[in-house]
Amino acid sequence: MVKYEGAENLRLFIKAGGIGFVLGFLFTLKDILSGVKKDRIHMKAVFDIVFTVIAGVISFLFILSENNGLFRWFAVIGECIGLLLFLLIPGRAVLGAYLFLSGKISAMNSRIRGKIIAKRAKHEKARMKKAERRKKRKKHPKKVNKTIAT
């Protein structure tokens, strides 16, 4: 059995916190890609499964490389703390910035679409008026003075 010293355990705990921080970033990225505001349940489920697999592989490889495959609960706790730290501090800011920017882009897109639709409606209305005037001319042709000059 391998004996671990306090400094080695602390180093492993801090590195596990860094891995948790990275997993928090991936979790936020997953939320952004799966569409936070949209109700695409199937895509969200696929992204959740992919994230879970990636997180498991990253955690496994981390423990395998740093701790020679020995499972330590403090490493898992360190990953959880790193994940929560990311989600509570920069994760909320990143997600909030994304929601803010996507809302602004969506509003700008709506305004542009509204202007385009209004312009099309204006042109369509003018075209309809021209068509109505043509129909009136065809129905009521101008009276021609048919006086015969003698």
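Predicted model, so just to flag it, every value in this text is computed and none were measured.

A. Expanded view of a nonpolar patch on the surface. A cluster of nonpolar side chains, contributed by F21, F71, W73, I77, I81, L84, L85, L88 and I89, occupies part of the molecular surface with about 950 Å² of accessible area. When residues of the nonpolar patch are assigned to their parent elements, the largest contribution, seven residues, is made by helix 3 (residues 73-139). Here L85 falls in the partly exposed class, since its relative accessible area comes to 42%.

B. Layout of helix 1 (residues 6-34). A rise of 1.5 Å per residue sets the reference length of helix 1, with its 29 residues, at 42 Å; its end C-alpha atoms lie 41 Å apart and thus fit the reference within 8%. Taken as a whole, helix 1 has its buried residues at L12, A16, G17, I19, G20, L23, G24, T28, K30, D31, I32 and S34.

C. Expanded view of the nonpolar core. Listed in full, the nine residues of the largest apolar core are L12, A16, I19, L23, F51, A55, F62, I63 and A75. Every element with two or more residues in this core is listed here: helix 1 and helix 2 (41-66). Not counting the four nearest positions on each side in its chain, F51 is found in contact with L23, L26, F27 and K30.

D. Spotlight on the side chain of S59. Inspection of the secondary structure puts S59 in helix 2. Look at S59 and you get buried, because its relative accessible area is 16%. When residues no more than four places from it in sequence are discounted, the contact partners of S59 are L23 and E79.

E. A look at a positive patch on the surface. Together, K125, K129, K130, R133, R134 and R137 give the surface a local cluster of positive charge. With respect to the helices and strands, the residue K129 is situated in helix 3.

F. Structural detail: the packing of aromatic side chains. Applying the stated criterion to the full structure yields three aromatic pairs. Arranged with centres 6.2 Å apart and planes meeting at 85°, the rings of F25 and F86 form a pair that is edge-to-face. Taken as a pair, F25 in helix 1 and F86 in helix 3 lie far apart in primary sequence, 61 residues in all. On the accessibility criterion, F86 (6% relative accessible area) is buried.

Rules used throughout
- Residues numbered from 1 in each chain as written.
- Predicted model: local features only at pLDDT ≥ 70, side-chain atom pairs only at ≥ 80, totals over all residues.
- Heavy atoms only, no water.
- Patch = residues over 30% accessible without salt bridge, like charges linked within 9 Å, V, L, I, M, F, W, Y side chains within 5 Å.
- Areas by Shrake-Rupley, 256 points an atom, 1.4 Å probe, with all protein chains shown as cover.
- Salt bridge = Lys/Arg side-chain N within 4 Å of Asp/Glu carboxyl O.
- Helix = DSSP H or I, 4+ residues; strand = E, 2+ residues; numbered from the N terminus.
- Buried < 20%, exposed > 50% of the residue type's maximum accessible area, 1.4 Å probe, protein only.
- Expected span 1.5 Å × (residues − 1).
- Core = buried A, V, L, I, M, F, W, Y, C linked by side-chain atoms within 4.5 Å.
- Contact = heavy atoms within 4.5 Å.
- Lys, Arg positive; Asp, Glu negative; His and termini not counted.
- Charge placed at Lys NZ, Arg CZ, Asp CG, Glu CD.
- Phe/Tyr/Trp six-rings, centres within 6.5 Å; stacked < 30°, edge-to-face > 60°.

Take it as geometry only, folks, not as evidence of what the structure does.
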